[in-house]
Amino acid sequence: MTERTVQPPVRPRSGRRPLPPLIFLLVLALATGAVWWTVLREDQERRADAAEECAAAEEPPPSLDPAAVSVRVFNATDQGGLAQTVADELAGRGFTISEVANDPTTRVVEGAGEVRHGSPGRDAARFLGVYAPGVSYYPDTRATAVVDLVLGPEFPGVAPPEEVEAALTAPEDAPSDC
């Protein structure tokens, strides 16, 4: 008897190429890297803004002439006529009111409201903040010193003159996260 050696049949190649999955993994890695780059950059910007606000909070608010401060008063609440009432009171205290309207942006304003300003209006915004207690500050990219007072749902009203005088003579407390 002769022994015959049986060789196993050769498996045909599956036809799969490794290139498409490798390209997919490379694109996925690049997208992940881009997302992390953006997150880290935004975090650095947020920390820099917070450090700038903390430094500004340590300084007392500037004492300016209210007539030198141009204010736009915007209502971000459902209460009709609030912006006009606040604008009239600020005008009575000497501020220059350049516009009174509902908030033209889609930003959601919570709390007492916010003071929006550009770099040239930083001191004017801090000065106006003394008259509008509880507002937060929102720096934007405008190139003018015009300041926006956006009234929120919990706006307590314009501060009485004695509180304004006390705030302008005493240093402002730093926020708790400084």
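Data block above holds the structure.
Structural notes, computed from the coordinates. Everything numeric in this text was worked out from a predicted model, so none of it was measured.

1. Some words on the packing of helix H3 (residues 122-131) against helix H4 (residues 161-169)
Phase 1 of the analysis: In the contact formed by H3 and H4, the axes pass within 8 Å of each other and the chain directions differ by 140 degrees. One finds that H3 runs oblique with respect to H4. On H4, the residues that touch Phe127, Val130 and Tyr131 of H3 are Val164, Ala167 and Leu168.
Phase 2 of the analysis: Tallied by class, the residues present in the contact of H3 with H4 amount to six nonpolar, no polar and no charged.

2. Comments concerning a nonpolar patch on the surface
Phase 1 of the analysis: Taken together, the side chains of Leu22, Phe24, Leu25 and Leu28 present a nonpolar region at the surface, about 420 Å² in accessible area.
Phase 2 of the analysis: Among the structural elements, Leu25 can be located in helix H1 (residues 19-58).

3. Re the pattern of salt bridges
Phase 1 of the analysis: According to the stated counting rule, one finds 12 salt bridges in the structure shown.
Phase 2 of the analysis: Note that Arg126 is salt-bridged to Asp123, the shortest N-O span being 3.9 Å. With Arg126 and Asp123 both in helix H3, this residue pair falls three residues apart, about one helical turn.
Phase 3 of the analysis: Classification of Arg126 by relative accessible area gives buried; the value is 8%.
Phase 4 of the analysis: Of the charged contacts in the structure, one is a salt bridge between Arg142 and Asp148, with a shortest N-O distance of 2.8 Å. The two residues Arg142 and Asp148 agree in class, both being buried.
Phase 5 of the analysis: Salt bridges sharing partners connect three or more residues here, namely Arg72, Glu99, Asp140, Arg142 and Asp148.

The rules behind these values
Residues numbered from 1 in each chain as written. Predicted model: local features only at pLDDT ≥ 70, side-chain atom pairs only at ≥ 80, totals over all residues. Heavy atoms only, no water. Axes fitted to C-alpha atoms, helices over the stretch in contact; angles between N-to-C directions. Helix = DSSP H or I, 4+ residues; strand = E, 2+ residues; numbered from the N terminus. Parallel < 35°, antiparallel > 145°, perpendicular 65-115°, else oblique. Contact = heavy atoms within 4.5 Å. Nonpolar A, V, L, I, M, F, W, Y, C, P; charged D, E, K, R; others polar. Patch = residues over 30% accessible without salt bridge, like charges linked within 9 Å, V, L, I, M, F, W, Y side chains within 5 Å. Areas by Shrake-Rupley, 256 points an atom, 1.4 Å probe, with all protein chains shown as cover. Salt bridge = Lys/Arg side-chain N within 4 Å of Asp/Glu carboxyl O. Buried < 20%, exposed > 50% of the residue type's maximum accessible area, 1.4 Å probe, protein only.

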